[in-house]
Amino acid sequence: MILILGATGFIGSNLYAFLKRSGVNVLGTYRSKPEPGLLHFDLCRSSMDELLNGWPIRFAILSAESHKKLDDYNRFWDEAYSINVKMIKRFLDACFERNVIPIYISTDNVFDGTKGHYKEDDYRNPINCYGKIRYEVENYIFQSSQPFVILRAGKVFGLELGDSTLLTSLVDSLQKGETLKCATDQIITPVCIDDLTSFIYNICKNEYRGVYHVASLIQSTIYAMANVIKDHFHCSDAEIIPCKINSLDLLEKRPSRIQLDAAKYRHLTGAKE
């Protein structure tokens, strides 16, 4: 059985639906928004014994997010750290004690963005609170000497209008004729939710272990993406203003050259760049 911690978020809900369609025995949890078929579980209050002892779980996918916006990890640091580090470490310990293999969904923000083309074993040096939280949990997993999977991804996007992810949000704003400031200096490698869920399925099916970088699109900037979308949808009323990523109204700095080298992932899956 596969457990998804946080099956109501964007990644978790799509993964839950995909695994269900694939005939996988999957258990999903929610914290505050009940959904049919999901089990209530709160990292800070619920019993881990009751969850992990009550089901024959082989993999536990940690996709829960305490905050939706990256800057909120700084703005609400104490709460974010308590949930995403302290409670996650407790959950990981409970998994390791029961031979449950964690699949931890991490981020490209564990890197400082000075080099680019980051491989799985490259030096990590996060420059914002979100990255520091993921960095600390990654280190905890590495030091456990237990089987694990860590997936590092950039911006995860969907293809359904209204899902509020990267590409669909750009389409929506440009079709409305809005003026957008888009960074020209932050190079990213986004991943489509369909590719991410499919890879997680294959990780479980084939018993993969270790760290993987996952990407769908070739490296690009949001400025370049926005211009392609503007031309494709003939959004003549919209205006795209080039800018630097850290000139935007952001609470914390963002890494610039943050593209991930996903060769290891592509070798396993046959995915093309």
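Coordinates for the structure precede this section.
Conventions and cut-offs
- Residues numbered from 1 in each chain as written.
- Predicted model: local features only at pLDDT ≥ 70, side-chain atom pairs only at ≥ 80, totals over all residues.
- Heavy atoms only, no water.
- Helix = DSSP H or I, 4+ residues; strand = E, 2+ residues; numbered from the N terminus.
- Contact = heavy atoms within 4.5 Å.
- Areas by Shrake-Rupley, 256 points an atom, 1.4 Å probe, with all protein chains shown as cover.
- Lys, Arg positive; Asp, Glu negative; His and termini not counted.
- Charge placed at Lys NZ, Arg CZ, Asp CG, Glu CD.
- Core = buried A, V, L, I, M, F, W, Y, C linked by side-chain atoms within 4.5 Å.
- Buried < 20%, exposed > 50% of the residue type's maximum accessible area, 1.4 Å probe, protein only.
- Salt bridge = Lys/Arg side-chain N within 4 Å of Asp/Glu carboxyl O.
- Pairing = 2+ DSSP bridges.
- 1 Å grid on protein atoms, 1.4 Å probe; cavity = no way out; pocket = protein on both sides within 12 Å on 5 of 7 lines; lining within 4 Å.
- Points joined across faces, edges and corners; volume = space filled by probe spheres on them.
- Nonpolar A, V, L, I, M, F, W, Y, C, P; charged D, E, K, R; others polar.

## Focus on the overall build of the chain
Then comes step 1: Regarding its fold elements, the chain presents nine helices and eleven strands.
Then comes step 2: Expressed as lengths along the three principal axes of its C-alpha atoms, the size of the chain is roughly 55 × 40 × 35 Å.
Then comes step 3: Counting contacts in the chain only where the partners sit at least 6 residues apart, residues at least 24 apart contribute 75% of the total.
Then comes step 4: Of the accessible surface of the chain, which amounts to about 13,300 Å², a share of 48% is contributed by carbon and sulfur atoms.
Then comes step 5: Between the centroid of the 32 positive side chains of the chain and the centroid of its 33 negative side chains there is a distance of 2 Å.

## Here we look at the nonpolar core
Then comes step 1: In terms of nonpolar packing, the biggest core is built from 34 residues, with I103, L151 and L196 touching the most fellow members.
Then comes step 2: Elements represented by at least two residues in this core include exactly β1 (2-5), α1 (10-21), β2 (26-30), β4 (59-62), β5 (101-107), β6 (149-153), α7 (193-206) and β10 (210-214).
Then comes step 3: Residues within four places of L196 in sequence aside, it is in contact with I11, L151, V156, V191 and V214.
Then comes step 4: Grouped together as the second largest cluster of nonpolar side chains are 33 residues, C129, Y130, V137 and F148 included.

## Concerning the pattern of salt bridges
Then comes step 1: Under the criterion given, the structure shown has 13 salt bridges.
Then comes step 2: The salt bridge partner of D71 is R254, with a shortest N-O separation of 2.9 Å. On the criterion of sequence distance, the pair formed by D71 in the loop between β4 and α3 (72-75) and R254 in the loop between β11 (239-243) and α9 (263-269) is long-range, its members being 183 residues apart. Taken as a pair, D71 and R254 share a single burial class, namely buried.

## A short note on the pairing of β10
Then comes step 1: Within β10, five of the five residues are buried, which leaves the element mostly enclosed by the surrounding structure.
Then comes step 2: Two elements, β6 and β10, share five bridges in a ladder whose sense is parallel. By the bridge assignment, R152 is partnered in β10 with H213.

## A closer look at unusual backbone geometry
Then comes step 1: Phi at N99 takes a positive value of approximately 60 degrees, unusual for a residue other than glycine.
Then comes step 2: For N99, the location among the structural elements is in the loop between α4 (77-97) and β5.

## A short note on the layout of surface pockets
Then comes step 1: In this structure, the second largest pocket encloses a volume near 200 Å³.
Then comes step 2: For the second largest pocket, the full set of lining residues is F10, N14, A17, F18, R21, G158, L159, E160, D163, I193, D194 and T197.
Then comes step 3: Here the lining of the second largest pocket takes five residues from α1, the largest share from any one element.
Then comes step 4: Across the lining of the second largest pocket, the residue classes break down as five nonpolar, three polar and four charged.

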